[in-house]
Number of protein chains: 2
Amino acid sequence: LSWLDRLDEARAFLELHARSHHANAPSFQRRWAEVRRALMRHGHYDHTPEELAFGAKLAWRNHAGCIGRLFWDSLLVRDRRNTSEPEAIFSDLCRHLEDATGDGRIRSIISIYPPMQPGRRPSYVESAQLIRYAGYLDEGGCVIGDRKAIEATRVAQSLGWNPPDRKGPFDILPVVIRDADERRHLFNLPSGLVREVPITHPHCPEIAAMGLRWYAVPVVSDMILTIGGIDYPCAPFNGFYMCTEIASRNFADRGRYDLLPKAARRLQLDPDSHETLWKDATLTELNRAVLHSYQAAGVTMVDHHTASDQFMQFLARESATGRRVSGDWTWLVPPQASSACEVFHHDMTDLRTVPNFYRSRGTDG
Amino acid sequence: LSWLDRLDEARAFLELHARSHHANAPSFQRRWAEVRRALMRHGHYDHTPEELAFGAKLAWRNHAGCIGRLFWDSLLVRDRRNTSEPEAIFSDLCRHLEDATGDGRIRSIISIYPPMQPGRRPSYVESAQLIRYAGYLDEGGCVIGDRKAIEATRVAQSLGWNPPDRKGPFDILPVVIRDADERRHLFNLPSGLVREVPITHPHCPEIAAMGLRWYAVPVVSDMILTIGGIDYPCAPFNGFYMCTEIASRNFADRGRYDLLPKAARRLQLDPDSHETLWKDATLTELNRAVLHSYQAAGVTMVDHHTASDQFMQFLARESATGRRVSGDWTWLVPPQASSACEVFHHDMTDLRTVPNFYRSRGTDG
Ligand code: HEM
Ligand code: HEM
């Protein structure tokens, strides 16, 4: 962002904030004068706690790839701008995870640590999610665990992490946090903290016998939150899972656990010929298993049909307030029974509205 | 297209044609001089039969939305530029349909009728496909047949078409052809000509008892073929079906036959709660039924997994020849078991290369 863009975004955001909080014109003018002065002098300004909370909710509401946005206003915002060392951040994130998990009824939460400042990048989380399972590639080319985590697992090992003696498919990786000098720090999540759900199937015990499991709470930790021209590179957030994320993608993708052939055999489906549609049938059963297991465990999860309906409600509500909704069709449409989900039948554009979440400042920022 | 664009496209196309036919430089120069002169004098030029056939194949190869492009070079091109009256076009299209259907092993064919010329639009087919089933909306708001055809059915009736005494869900609509003066002509397809497949299920007789059927050959008839700056508004083409087109979309979409709840009940699935994933399971069974029925009838059909594999082969072959492939992800990815199809995992762009097929000159041309 150029200096002028930053100024523009700041003003647009403060206006939005003032309007939505029914602030009067003089109070907006006062705040804007203050922010403009700070930006001109230091290239930076500090959000008030209210601005921060409002901005984080808007970032969620604006993110084109998220189907769960009906609930944007219920986001719980933890203002942690005074927490800057890796150790302190990690132990605070443990609290975040605990609060989000609760008794299984998952709360959507974001924790926001110090922002970028001119010439100073603060600590940030390098791990893609707080909880991730390791992936091990052995000499024979066989993989145990999550193929997508092979590189992260290698990095963790090179930094001194020791996998369990018996490597398993669901070994939880340490969290990697970079400090302000780009040095990496490794932290192990206390074992009691990570709620996991063993995967069983409502009728097929052979699926349960596969010994699958997944964690309860996805905490995305590698995105940058941008609000009013200020970037927060360390702002991990969580929602709850939609079943297809685990069943149709994490378990089924060839670049992840690649479990379709194995699961098909256990379901007595013949994984030989495309025309039996064994992949389609297996995907449905894996989704049923995952939904069933989370329900049985009392852990919040949504199925893709309900999520699609809720997204349509979100669209309707937003339109009613006169706002245009950003949407990225390729992300929003579930990877399973796609055309049976209403969101499939709607055209969308990603307006790249700010506030928002970005993956990498290089390509999206 | 402006006059200059037309000239550019003509030259680019003739170069491609010459290169792929290993023509020598003088013969290309001769042809280009001739075409340029014709374009400057009459705003038009005539393709040679070889150019026409080559151009039609390229249009298929370039179309971003088609997953079946591995077979682009096998397209059979019927040069019918001397057939211009609606009656003659219709009876020739009956021959096209007969040849494409054959004994069930479907041939991919295109029939090309006279092109646009400056100030003169020739006859063209108004119907979206040669074969379409009627849709009737009764006073109570109930629909018999294909909801997407309600408007076309109304138009046909207003032009004098009489539906059968007992309206059914699979009444074949007449073909509407517009003559050069935009007058509509209606033609009934001879009943022996339209091969249809009754839909049965490999194990569930309740699905067969629904009395579903679909036609063997999809002949898309409302697209404009554009080659080297010349537009052919009447160039119906056919391939064969991919099972999801019928099972996941035509039968299942709420804007088409909306059969998911009815089929679910027949499969003893409970269409009440999203969480049973009854839609996913029903879609798989409908696809199985459609695949099974076409196979049993000896009518060519491809499943979405095989089609996706073939498309990946097409991508690889095209890359090997140094050509970039146009792709529209939202069209190419099957609406069923999407992420289990490899095409899901590839980024694509629609390069809008010509020759190509367009729906409407207003929006794409
Ligand atoms: C409340 C329940 C939620 C559900 C069911 C939900 C659902 C989803 C799904 C299915 C995806 C696509 C994931 C993928 O394909 O990899 C997604 C992406 C995303 N969601 Fe949500 N979400 C929820 C909460 C949240 C919250 C609380 C935030 C932020 C405050 C958020 C922001 C995002 C972002 C930024 C992405 C893109 C992630 C990426 O690029 O990897 N979501 N969401
Ligand atoms: C040989 C077997 C073929 C298969 C399996 C196939 C498959 C498909 C599929 C699944 C679609 C998407 C349809 C939809 O979602 O509505 C499509 C679209 C398309 N295909 Fe093919 N295709 C085949 C042959 C052809 C041929 C012979 C041509 C032209 C010469 C062609 C040109 C197109 C075009 C232009 C579209 C876009 C249609 C539209 O916009 O409505 N295809 N194809």
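Above this note sits the structure.
Residues numbered from 1 in each chain as written. Chains lettered and ligands numbered in written order. Predicted model: local features only at pLDDT ≥ 70, side-chain atom pairs only at ≥ 80, totals over all residues. Heavy atoms only, no water.

Side note on the site of ligand 2
Around ligand 2 there are 19 residues in total, and Trp-60, Cys-66, Phe-237, Asn-238 and Arg-359 of chain B lie nearest to it. Taken together, the residues of the shell around ligand 2 sort by class into eleven nonpolar, six polar and two charged. (Near = heavy atom within 4 Å. Nonpolar A, V, L, I, M, F, W, Y, C, P; charged D, E, K, R; others polar.)

A short note on the sheet that holds strand 16 (residues 356-358) of chain B
All names here are of chain B. The three strands lie next to each other as 12-11-16, forming an open sheet whose pairing is antiparallel. With one partner strand each, in any of the chains shown, strand 12 (230-232) and strand 16 form the two edges of the open sheet. With strand direction ignored, the average angle separating the axes of adjacent strands in the sheet is 30 degrees. As paired elements, strand 11 (residues 224-227) and strand 12 share three bridges and run antiparallel to each other. Considered in strand 12, the bridge of Ile-227 is made with Ile-230. Running at roughly 115 degrees to strand 11, helix 3 (residues 49-62) makes contact with strand 11, strand 12 and strand 16 of the sheet. (Pairing = 2+ DSSP bridges. Helix = DSSP H or I, 4+ residues; strand = E, 2+ residues; numbered from the N terminus. Axes fitted to C-alpha atoms, helices over the stretch in contact; angles between N-to-C directions. Contact = heavy atoms within 4.5 Å.)

Observations regarding the interface of chain B and chain A
Across the boundary between the two partners, chain B contributes 35 residues, which contact 35 residues of chain A. A buried area of about 2900 Å², summed over both sides, lies between chain B and chain A, and 54% of it is on carbon and sulfur atoms. Considering only the side of chain B, the residues that lose the most area to chain A are His-274, Leu-277 and Asp-280 of chain B, jointly responsible for 19% of the buried surface there. Connecting chain B to chain A are two salt bridges. For Arg-254 of chain A, the salt bridge is made with Glu-342 of chain B, and the minimal N-O distance between the two is 3.4 Å. Looking at the side of chain B that touches chain A, the elements that each hand over two or more residues are helix 7 (243-250), helix 9 (278-297), helix 10 (304-320) and helix 11 (329-332) of chain B. (Buried area = accessible area lost by both parts, 1.4 Å probe. Salt bridge = Lys/Arg side-chain N within 4 Å of Asp/Glu carboxyl O.)

Remarks on the pairing of strand 1 (residues 76-79) of chain B
All names here are of chain B. Where strand 1 and strand 2 (residues 109-112) come together, four bridges link them in parallel fashion. Within strand 2, the residue paired with Val-77 across the bridge is Ile-110. For the crossover from strand 1 across helix 4 (residues 86-101) to strand 2, the handedness is right-handed. (Right-handed = clockwise from strand over helix to strand, strands pointing away.)

So, the coordination of the iron atom of ligand 2
Looking at the iron atom of ligand 2, one finds just one donor atom contributed by the protein, Cys-66 of chain B (SG), at 2.3 Å. On the secondary structure map, Cys-66 of chain B appears in the loop between helix 3 and strand 1. (Donors = N, O, S within 2.8 Å, 3.2 Å for Na, K, Ca; no water.)

Comments concerning the pattern of salt bridges
Residue and element names in this part refer to chain A. Counted according to the given criterion, the structure contains 46 salt bridges over all chains. A salt bridge links Arg-81 to Asp-79; the shortest N-O distance between them is 2.9 Å. With relative accessibility at 21%, the residue Arg-81 sits in the partly exposed group. Note that Arg-213 and Glu-196 form a salt bridge whose closest N and O atoms lie 2.9 Å from each other. Residue Arg-213 is found in strand 9 (residues 213-215), and its partner Glu-196 is found in strand 8 (residues 196-198); the two are separated by 17 residues along the sequence. Taking relative accessible area as the criterion, Arg-213 reaches 31% and is therefore assigned partly exposed. Salt bridges sharing common partners tie together Arg-121, Glu-126, Arg-178, Glu-182 and Arg-184. (Buried < 20%, exposed > 50% of the residue type's maximum accessible area, 1.4 Å probe, protein only.)

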